[in-house]
Amino acid sequence: MPFDILAHLKALCAAPGLPGHEAPARDLLRAAWSPLTHWLETDRLGSLCATRQGGGPRPRPRLMLAAHVDTIGMLVTRLDGDFLRMSRLGDVDERTLPGQLVTVHGRHDLPGVIGQPPAYLLPKNGREQVTPLSELVVDTGLPAERLRALVQAGDLVSLAQPARELQNGLLAARGLDNRASVTALTLALSELQSRAHAWDVVAVATVQEEFGLRGAGPAAFALAPDLAIVIDVTFGRDANTRDLAYRTFPLGGGPVLGLGPNIHTGLHSAVKAAAERAEIPYNLEVMWEHSGTDAFGIQVAREGIPTMVISIPVRNMHTPVEIVALADVIRTGRLLAEFAAGLDPGFMGQLALD
Amino acid sequence: MQALIRRLTESYGPSGSEDQIRDVVRGEIRGLADYVTIDPLGNLIAVVKKKAKSGKKIMLAAHLDEVGFVVSHIDAQGFARVQLFGGVNPLACVGSRVRFADGRLGVIGIEARRDDLTKVPAVNELYIDVGATNAADCPLRLGDAAGFWRPMELAGRRLIAKSLDDRIGVAILIETLRSLKQTPHEVAFVFSVQEEVGTRGAGAAAFGLEADVGLAVDVTRAGDTPNGPRMEVRLGGGPAIKVRDARMIADPRVRELLEQRAREAGLATQREVLEGGSTDAAAMQIARGGMPAGAIAVPTRYIHTPSEMVELGDVQACVALLTRFLQRPIEL
């Protein structure tokens, strides 16, 4: 590999980047993508668009590869004495929040932990229930008056669990949704450096996916691509979810190719053919209505854009210990490069809803 | 400004029936802007043209429409059955008065025989009584829309009125237009339609205007009532600068610039983190290729009832903040 994927992914996961506030992660990516692309720009809502110019004749068709760079987190709703109360920015799994390490982005960053009432102090039936987010506190250790000087309503709270390398090429980290996919984009751009491609390829790190899929539609409007592939995560299979075989996918089983109304069938077939050409294992996922990804916004931008969703399986989604198989990230990057390199200038003329 | 707020809040304009309130606003802004247009959806747009090369194009939005009722059936006794729209609070309905486009008043009743009298009224248990004795006598027609009816009242430094959501925003835009002596920017004051049924007018206006920056001026809830919403915002604390609501995250660059302008002017502000509801800015933010957008909100109690309450000082501070924002350079 031309660069250290694990280090890149871990650095991305460690960078804050809550919805609407993606600058720290975007800055990291700009540095990584700049040598791999011909030009970069940040769009009006903050999505980073990096273009590799293709070798085909003008007007060159354009492929958009989109992965959201924002991560779920929280924000301060109010100060409650020496403590902070929170609300969500994106669908954090609140069952997993008590006991977590967080960073409060106040006037300066403050370390904190999330607390809940000790079980011993709760009535018996209260112990069996999940404490709702509105009743959890962030404890920074600061007394009320000093807290008030440093933190105000609206300040962001990031999950701060450090990444942990597991056995067998697995990584546990916060933010793998969707930094694993962003890493696959970096890999694809890197691989395309040594491969000819006729089309312009635009890697887009979209913003605000976790808060209503808001960044991708405007990005697609501005770029007006001919085709778009969205890379996001899907549910990884574990002991509790293996019976849900249609919704969960094995880690290490390769990228997962989406099917459904949000996905153009001809584009799906072309991506599948690319996987077979490159001998990349894959699974299929039926997304029967809303894909739950940026593809939902991109598909109906302008006069409509054929879209495809490729997913990387992640266990423990929307928790601070999401788990990914590095092999799946690498294969997804290779698949994107193989597909992009395989697009001939007349591809749009052959694309059919078969 | 009180007289203006009275004229605005005592006007009729449920979502989709904004003609009367639009005419009132048109009268108020006559001669103040470089030109005024009404777009295909009915948004009233008053534009102050750009005066300096460095100026930006700014879209401001406050919505004309108010929550209300639409007649869906008239029964044999002459009672009108209605659908509620725009998040009317059913607890605020029984005994409330409503007014139709022709000025006709009605009272909202509730069926006396209900399964569970302790429950929140369901929409099919409510009806509007305009004094008709039977169906033939009832002057209402299917599709007729009504809004709450109440005159504005003063309570100390606070105002109580129907439809302060968002006539207070409309008043702030009008006062800002009046007080804006000079600005380097092109400013489009958009008095939008159909906000309460899904921020539909402002999205279309934003597509048409292609502005560089967008701001909505609307109401937000206040956490300073008994067991009130869990938020820091209170009446009298100054303009609330939006951080996040149910549908949007305000652009942090816009939010910070608003906060900076407030600090320079010595105006106290608060930060709005709202759990339910949104504003025109949510639609403006994602129009075309996206628009950096934020919102200034007036802390308001009892939203979507006939008796919404705001503090005058907050309203005046919103005008001061918005005026200063428009007079100064806007670099994001």
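Criteria and thresholds
Residues numbered from 1 in each chain as written. Chains lettered and ligands numbered in written order. Predicted model: local features only at pLDDT ≥ 70, side-chain atom pairs only at ≥ 80, totals over all residues. Heavy atoms only, no water. Helix = DSSP H or I, 4+ residues; strand = E, 2+ residues; numbered from the N terminus. Rg over C-alpha atoms; globule rule 2.2 N^0.38 Å. Buried < 20%, exposed > 50% of the residue type's maximum accessible area, 1.4 Å probe, protein only. Contact = heavy atoms within 4.5 Å. Lys, Arg positive; Asp, Glu negative; His and termini not counted. Charge placed at Lys NZ, Arg CZ, Asp CG, Glu CD. Pairing = 2+ DSSP bridges. Buried area = accessible area lost by both parts, 1.4 Å probe. Salt bridge = Lys/Arg side-chain N within 4 Å of Asp/Glu carboxyl O. Polar contact = N/O pair within 3.5 Å; in protein donor to acceptor, adjacent residues only side chain to side chain. Nonpolar A, V, L, I, M, F, W, Y, C, P; charged D, E, K, R; others polar. Domains from an automatic or database assignment. Axes fitted to C-alpha atoms, helices over the stretch in contact; angles between N-to-C directions. Parallel < 35°, antiparallel > 145°, perpendicular 65-115°, else oblique. Left-handed = near helix turned anticlockwise from the far one by under 90°.

1. What about the overall build of chain A?
Across its full length, chain A holds 10 helices and 18 strands. For 354 residues, the compact-globule estimate of 2.2 N^0.38 gives 20 Å, and the C-alpha radius of gyration of chain A, at 21 Å, lies within 12% of that figure. Dimensions of chain A, computed from the C-alpha atoms along their principal axes, are close to 70 × 45 × 40 Å. For chain A, with 354 residues in total, the buried portion stands at 57%. Sequence separation of 24 or more characterises 77% of the internal contacts of chain A that already satisfy a separation of 6 or more. The distance from the centre of the 31 positive side-chain charges to the centre of the 38 negative ones in chain A is 2 Å.

2. Remarks on the pairing of strand S5 (residues 80–85) of chain B
Note on strand geometry: in a regular strand, side chains alternate between the two faces of the sheet. Residue and element names in this part refer to chain B. Bridge count for strand S4 (residues 68–74) against S5 is six bridges, and the pairing is antiparallel. Bridge pairing in S5 places Phe69 opposite Leu84. Linkage of S4 to S5, two consecutive antiparallel strands, is achieved through a turn of five residues, within which Gly78 is found at a positive phi near 90°.

3. Structural notes on the interface of chain A and chain B
Listed as interface residues are 25 residues of chain A and, on the opposing side, 28 residues of chain B. Summed over both sides, the interface between chain A and chain B buries roughly 2,300 Å², with carbon and sulfur atoms accounting for 52% of that surface. On the surface where chain A and chain B come into contact, there are two salt bridges. With a shortest N-O distance of 3.8 Å, Arg148(A) and Glu232(B) are connected by a salt bridge. The tally of links between chain A and chain B comes to 14 residue pairs in polar contact (both at pLDDT 80 or more). Sorting the residues of the side of chain A that touches chain B by element identifies strand S4 (73–80), strand S5 (83–89) and helix H6 (216–223) of chain A as the ones contributing at least two each. Residue contributions to the side of chain A that touches chain B peak at five residues, all from S4(A). Class assignment of the residues belonging to the side of chain A that touches chain B gives a composition of 11 nonpolar, eight polar and six charged.

4. Concerning the domain arrangement of chain B
All names here are of chain B. Each domain of chain B was delimited in the assignment, giving domain 1 (2–66 + 151–327) and domain 2 (69–148). Placing a centre on the C-alpha atoms of domain 1 and another on those of domain 2 gives a separation of 30 Å. Each partner contributes residues to the interface: domain 1 has 14 residues there, and domain 2 has 14 residues. For the pair domain 1 and domain 2, the summed buried area comes to about 1,100 Å², and 58% of that belongs to carbon and sulfur atoms. On the domain 1 side of the contact with domain 2, Tyr12, His304 and Pro306 bury the most area, a combined 47% of that side's loss. Across the contact surface, domain 1 and domain 2 share five residue pairs in polar contact (both at pLDDT 80 or more).

5. Notes on the domain arrangement of chain A
Residue and element names in this part refer to chain A. According to the domain assignment, chain A contains domain 1 (5–71 + 174–350) and domain 2 (74–159). Contacts between domain 1 and domain 2 engage 10 residues on the former and 13 residues on the latter. Of the roughly 990 Å² buried between domain 1 and domain 2, counting both surfaces, carbon and sulfur atoms make up 68%. Taken as a group, Leu18, His318 and Pro320 account for 48% of the area that domain 1 buries against domain 2, more than any other trio of residues on that side. At the boundary of domain 1 and domain 2, one finds zero salt bridges. Remark: the boundary between domain 1 and domain 2 carries three residue pairs in polar contact (both at pLDDT 80 or more).

6. A word on the sheet that holds strand S9 (residues 156–159) of chain A
Residue and element names in this part refer to chain A. Around the barrel, which closes on itself, the six strands sit in the order S4-S5-S8-S7-S6-S9 with antiparallel pairing between neighbours. Across the sheet, the mean angle separating the axes of adjacent strands is 45° when strand polarity is ignored. Two elements, S4 and S9, share two bridges in a ladder whose sense is antiparallel. When the bridges of S9 are listed, Leu75 appears paired with Leu156.

7. Points about the sheet that holds strand S18 (residues 322–325) of chain A
Residue and element names in this part refer to chain A. Pairing in this open sheet of three strands is antiparallel, and the strands run S10-S11-S18 from one edge to the other. Strand pairing shows two members of the sheet lacking a second neighbour, strand S10 (164–165) and S18, which therefore form its edges. Relative to S18, strand S11 (residues 170–173) runs antiparallel, the two sharing four bridges. Its bridge partner being in S18, Leu170 is matched across the sheet by Ala325.

8. Some words on the packing of helix H5 (residues 176–192) of chain A against helix H9 (residues 326–342) of chain A
When two helices pack together, their arrangement is captured by the angle between the axes and the distance separating the axes. All names here are of chain A. One can describe the packing of H5 onto H9 by two numbers: an axis separation of 8 Å at closest approach and a directional angle of 45°. What the angle tells us is that H5 and H9 run oblique. The two elements H5 and H9 meet at a crossing, and its hand is right-handed. Between H5 and H9, the residues in contact are Ala180, Thr183, Ala184, Leu185, Leu187, Ala188, Glu191 and Leu192 and Val329, Ile330, Thr332, Gly333, Arg334, Leu336, Ala337, Ala340 and Ala341, respectively. Considered class by class, the residues forming the contact of H5 with H9 number 12 nonpolar, three polar and two charged.

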